[in-house]
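# Working through the structure, step by step
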Amino acid sequence: MRRLLDFLYDSAAALAALFMVGLLGMVLLSIASRQFHFHVPGTDAYAGYLMAAAGFLALAHTLKRGEHIRVTLLLNFLKGGTKKAFEIWALAIATLLAVLFAMYSCKLAWQSHEFHDISTGSDATPLWIPQIAMAVGTVILAIAFIDELVLELMGKRADSASGEALRNE
């Protein structure tokens, strides 16, 4: 199961990286079109869709690598069972929020498909297409939070504060 979950997180991150490359392509196309006086409609909209897709698909991988922003000021003062209880409480709340976010993201994409909602830009893209990346990304994030909660309850979760000193600014 661990290999399957890690594969899921890594695959979503790889897809996010591909969307970032696509974003770079859209930005370069937009720059080139201005420099060489030709117009490609929808480049700004598609750049936005690709940026959103990359961001949402990278969420779970970022969480699993301990790179999400955490406020550890209180956690650094807690010890033993109190710290574990606080971690479980925080992960339970985060899991609940992630599941709700995933449900509403999926509902939004489904409703956009059902109502044939299209973007108001010149590209007139059916909105459910770019919203799929948001829905998939939030579902994978919810799975990652459930994974973290289960690992914490089992006492197998890695200490996320281990490399925190490296990220001080």
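Read on for a plain summary of the structure. Quick caveat: nothing in here was measured; it's all calculated off a predicted structure.

This next bit is on unusual backbone geometry. Of note, H116 is a non-glycine position whose phi angle comes to about 55°, a positive value. With respect to the secondary-structure elements, H116 resides in the loop between α4 (80-114) and α5 (128-154). The class of H116 is exposed, set by a relative accessible area of 67%. Backbone geometry places A124, a non-glycine residue, at a positive phi of 50°. Mapped onto the elements, A124 comes out in the loop between α4 and α5. When its relative accessible area of 37% is taken as the criterion, A124 is described as partly exposed.

Let us look at the packing of aromatic side chains. Taken as a whole and assessed by the stated rule, the structure comprises three aromatic pairs. Judged by centre distance (5.6 Å) and plane angle (85°), the rings of Y46 and Y49 are edge-to-face. Highlighted residues: Y46 and Y49, both in helix α2 (residues 43-57), separated by three residues, approximately one helical turn. The class of Y46 is partly exposed, set by a relative accessible area of 32%.

Mapped onto the elements of the fold, S11 is located in helix α1 (residues 2-35). For the pair S11 and H61, spaced 50 residues apart in sequence, the C-alpha to C-alpha distance is 9.0 Å.

Turning to the packing of α2 against α5, a few remarks are in order. Closest axis-to-axis distance for the α2/α5 pair is 8 Å, and the angle between their directions is 10°. As judged from the angle between their axes, α2 and α5 are roughly parallel. Contacts between α2 and α5 involve Y49, A53, F56 and L57 from the first element and P130, A133, M134, V136, G137 and T138 from the second. For the contact of α2 with α5, a count of residues per class yields eight nonpolar, two polar and no charged.

Let's shift gears to α4. With 35 residues, α4 should cover 51 Å at 1.5 Å per step; its first-to-last C-alpha distance of 51 Å lies within 8% of that length. All buried positions along α4 are accounted for by E87, L91, A94, T95, A98, A102, S105, A109 and S112. For α4, the secondary structure elements touched by its buried residues are α5.

Across its 34 residues, α1 extends 49 Å between first and last C-alpha, which sits within 8% of the 50 Å expected from 1.5 Å per residue. Summarising the contacts, the buried residues of α1 are in contact with α2, α3 (59-64) and α5. In the segment just after α1, H37 is the residue with positive phi, at about 60°.

This part covers a nonpolar patch on the surface. Side chains of W89, I93, L96, L97, L100, M103 and Y104 sit close together on the surface and give an oily, nonpolar patch of about 740 Å² of accessible area. With respect to the helices and strands, I93 occurs in helix α4. Classification of I93 as partly exposed rests on a relative accessible area of 37%.

Conventions and cut-offs
- Residues numbered from 1 in each chain as written.
- Predicted model: local features only at pLDDT ≥ 70, side-chain atom pairs only at ≥ 80, totals over all residues.
- Heavy atoms only, no water.
- Helix = DSSP H or I, 4+ residues; strand = E, 2+ residues; numbered from the N terminus.
- Buried < 20%, exposed > 50% of the residue type's maximum accessible area, 1.4 Å probe, protein only.
- Phe/Tyr/Trp six-rings, centres within 6.5 Å; stacked < 30°, edge-to-face > 60°.
- Axes fitted to C-alpha atoms, helices over the stretch in contact; angles between N-to-C directions.
- Parallel < 35°, antiparallel > 145°, perpendicular 65-115°, else oblique.
- Contact = heavy atoms within 4.5 Å.
- Nonpolar A, V, L, I, M, F, W, Y, C, P; charged D, E, K, R; others polar.
- Expected span 1.5 Å × (residues − 1).
- Patch = residues over 30% accessible without salt bridge, like charges linked within 9 Å, V, L, I, M, F, W, Y side chains within 5 Å.
- Areas by Shrake-Rupley, 256 points an atom, 1.4 Å probe, with all protein chains shown as cover.
- Salt bridge = Lys/Arg side-chain N within 4 Å of Asp/Glu carboxyl O.

Bear in mind that shape data such as this cannot, by itself, settle questions of function.
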